[in-house]
Amino acid sequence: MGRLVVVSNRIADPRKPAAGGLAVALGEALQTTGGLWFGWSGRIVEDGAPGEGDLHTLQAGKVTLATVDLSREDYDAYYTGYSNGVLWPVFHYRLDLADFERNYIPGYRRVNQLFARRLVPLLQPDDIIWVHDYHLIPLAAELRSAGCANRIGFFLHIPLPPPPIMAALPQHEWLVRSLFAYDVVGFQSETDLGHFTAYAQNEVSAKAVDRHRFSAFGRNVHAQAFPIGIDVAEFERLGRSREARASYATMREQYAQRRLLIGVDRLDYSKGIPQRILAFRELLSNYPENRRSATLIQIASPSRESVDAYSDIRRQLERLCGALNGDFGDLDWMPVRYIHRMVSRRRLPGLYRAASVGVITPLRDGMNLVAKEYVVSQAASDPGVLVLSRFTGAAEQLEEALLVNPYDLHGTAEAMQQALTMPLAERRDRHNALLERIRKYDVHYWCSSFLQALDKSFPPGVRQRGQARRTRRPADPGPPAPAEPRR
Ligand code: ADQ
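Since the model is a prediction, treat every value here as computed from it, not as a measurement.

Q: Describe the overall build of the protein, and please don't skip the residues or the numbers.
A: Of regular secondary structure, the protein possesses 16 helices and 16 strands. Here the C-alpha coordinates of the protein stretch approximately 70 × 45 × 45 Å along the principal axes. The buried share of the protein, taken over its 487 residues, is 60%. For the protein, long-range pairs separated by at least 24 residues make up 78% of all intrachain contacts whose partners lie at least 6 apart in sequence. Within the protein, one finds 61 positive and 54 negative side-chain charges whose respective centroids are separated by 4 Å.

This is the structure:
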């Protein structure tokens, strides 16, 4: 396999432990082949020219970290605007929250063109390029237009909605056509893959060449589900750390008389946190034996606060938690502890382990790694129970969890009660089965299976191994003409 080039909106220094499982896994893959990690530097140049940004490089062992700055105008349109104001809500089935402002799309395209322009001179002929997530869907098409004939793969970390929702997105055809500029397109779940194939076949008359290969716009793309996993060994190591053990001990001491339920999320409307609080309220109403004995700890870290929908959900959550504590709480018992903060990664395993129930109930989620981290953190001799939304990618793999419909507050409350009263033998059986699958399909498995598929992808008639990389492949037709940049 050639050198690996990873492209994502943000990059992480793989040598730093705080980087987390995904960064560590990608960093490891990059270290193996030697490689390049390319993305936005995180710097916004207030008076920078749209479509321009300086390139910075830094050597981290065998890996080169290359980043570009963004002008304020590009950042607002590409990141806050189109990526998080349009694609994020629509791909999470929330058309009602999308802001279809017409100036976002030119900015989104401009930044993808900027990435392509800065990246092309850094590429070597045999590089394998792996692009991540919804911020960069058109990147391969931009790279192809610049003459890049390398193998390029794309992985979507968030869900892909069914065709009728996708079709409501004004630029849907352009976006899907852009996906056909890749050699491999990976999704989190079979559900998302099904949505892609249904869209491709029905909306753009793609032909199924074989089980995974689809042909349209003069190109073949290999589409497959590659469910992402966690770095189990790393998480177990974290669980043995001093911080994790200390946070477990503190929680057990503070809540000695209580059963804990835990939710850990970024504060995002896709995560179903208000519904979770309401379901917990229903649990306390319907099963009064849990009053004074059960506490829900909800950690929700700040996220994308400049987008309006995020401040709305924050206010809603504060109201719901305040009302629940006011109506049910007592001098020595607060039913819900809501913490609007990021928790250090080192403390997470201790918190998960102290909780009898992990309540992971997004309304829609690509995968949800918290569910997997919760299972891995449990003591095998006395494990907690996972209550998991059926609308997460994780639910396809974690069928021994108690699967719930998060919109059904009564059903979710019933599952919480079932979890709190589940006999030890059943808890162990379910935990064993879950742990085995999470171990087998970990983040390394995800990484290597995607890269193998990409390594094997040779679109017939277009390119063979060893062929000169700068081919005469026709450039993919570009996206809709951009409107004038906003001044
Ligand atoms: P996210 O939406 O960020 O990611 P998720 O998979 O739940 O969601 O979490 C990613 C990581 O963030 C986990 O390692 C978790 O421990 C950490 N995390 C989350 N909330 C935290 C908090 N409050 N404090 C500390 N750490 C926290 C996107 C997609 C997901 C997909 C991932 C990976 O939206 O569906 O699972 O990418 O592909």
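Q: Kindly report on helix 2 (residues 72–91), identifying the contributing residues and their values.
A: A rise of 1.5 Å per residue sets the reference length of helix 2, with its 20 residues, at 28 Å; its end C-alpha atoms lie only 25 Å apart and thus fall more than 12% short of the reference. A large share of helix 2 lies buried, amounting to 18 of its 20 residues. Of the residues one or two after helix 2, Tyr-93 is the one with positive phi, at around 70°.

Q: Can you explain the side chain of His-92? Please cite residues and give values.
A: With respect to the helices, strands and loops of the structure, His-92 is situated in the loop between helix 2 and helix 3 (104–119). Under the relative-accessibility criterion, His-92 is labelled buried at 3%. At 2.9 Å, the side chain of His-92 and the backbone oxygen of Trp-88 are in polar contact.

Q: I'd like a rundown of the side chain of His-212, residues and numbers included.
A: Counting through the fold element by element, His-212 comes out in the loop between strand 8 (207–208) and strand 9 (213–216). Note on His-212: relative accessible area 16%, which makes it buried. His-212 has contacts with Val-221, His-222, Ala-223 and Gln-224, leaving out every residue within four places of it along the chain.

Q: Before we move on, could you go through helix 16 (residues 443–456) and cite the residues and values that matter?
A: Between the first and last C-alpha of helix 16 there are 20 Å, a value that for 14 residues agrees with the 20 Å anticipated at 1.5 Å per step. Three or more residues of helix 16 are buried, namely Val-443, Trp-446, Cys-447, Ser-449, Phe-450, Leu-451, Ala-453, Leu-454 and Asp-455. You can read the cap of helix 16 off the contacts: a side-chain oxygen lies 3.2 Å from the backbone nitrogen of His-444, and it is on Asp-442.

Q: Please set out the pattern of salt bridges residue by residue, giving values where relevant.
A: In total, this model carries 28 salt bridges according to the counting rule given. Between Arg-439 and Glu-236 there is a salt bridge, and its shortest N-O distance comes to 2.8 Å. With Arg-439 in helix 15 (residues 424–440) and Glu-236 in helix 8 (residues 232–239), the pair connects residues that are 203 residues apart, well separated along the chain. For Arg-439, a relative accessible area of 39% translates into the label partly exposed. On the basis of relative accessible area, Glu-236 is assigned to the partly exposed category, the value being 25%. For the salt bridge of Asp-312 with Arg-315, the shortest nitrogen-to-oxygen distance reads 2.9 Å. Here Arg-315 and Asp-312 lie together in helix 11 (residues 308–328), a separation of three residues that amounts to about one turn. The class of Asp-312 is partly exposed, set by a relative accessible area of 41%.

Q: Go over the packing of aromatic side chains, please, and point to the residues and values.
A: Summed over the entire model, instances satisfying the criterion amount to 24 aromatic pairs. Each ring, one from Tyr-78 and one from Phe-115, has its centre 6.5 Å from the other, and the planes form 50°; the classification is tilted. Here the residue Tyr-78 occupies a position in helix 2, and Phe-115 occupies one in helix 3, the gap between them amounting to 37 residues. A single burial state applies to Tyr-78 and to Phe-115, both of which are buried. Judged by centre distance (5.7 Å) and plane angle (55°), the ring pair of Trp-88 and Tyr-134 falls under tilted. Of this pair, Trp-88 sits in helix 2 while Tyr-134 sits in the loop between strand 5 (128–132) and helix 4 (139–145), and the two are 46 residues apart along the sequence. According to the relative accessible area criterion, Trp-88 is buried, its value standing at 5%. According to the relative accessible area criterion, Tyr-134 is buried, its value standing at 2%. Aromatic ring contacts, followed pair by pair, group Phe-38, Tyr-78, Tyr-82, Tyr-108, Phe-115 and Trp-174 into a single cluster. Against the face of Trp-40 rests Arg-10, its NZ or CZ located 5.0 Å from the ring centre. Here Arg-353 stacks its cationic end above the ring of Tyr-248, 5.9 Å away from the centre of that ring.

Rules and cut-offs
Residues numbered from 1 in each chain as written. Predicted model: local features only at pLDDT ≥ 70, side-chain atom pairs only at ≥ 80, totals over all residues. Heavy atoms only, no water. Helix = DSSP H or I, 4+ residues; strand = E, 2+ residues; numbered from the N terminus. Buried < 20%, exposed > 50% of the residue type's maximum accessible area, 1.4 Å probe, protein only. Contact = heavy atoms within 4.5 Å. Lys, Arg positive; Asp, Glu negative; His and termini not counted. Charge placed at Lys NZ, Arg CZ, Asp CG, Glu CD. Expected span 1.5 Å × (residues − 1). Polar contact = N/O pair within 3.5 Å; in protein donor to acceptor, adjacent residues only side chain to side chain. Salt bridge = Lys/Arg side-chain N within 4 Å of Asp/Glu carboxyl O. Phe/Tyr/Trp six-rings, centres within 6.5 Å; stacked < 30°, edge-to-face > 60°. Lys NZ or Arg CZ within 6 Å of the ring centre and 35° of its normal.

Everything listed here is a matter of coordinates, which is why it stays silent on function.
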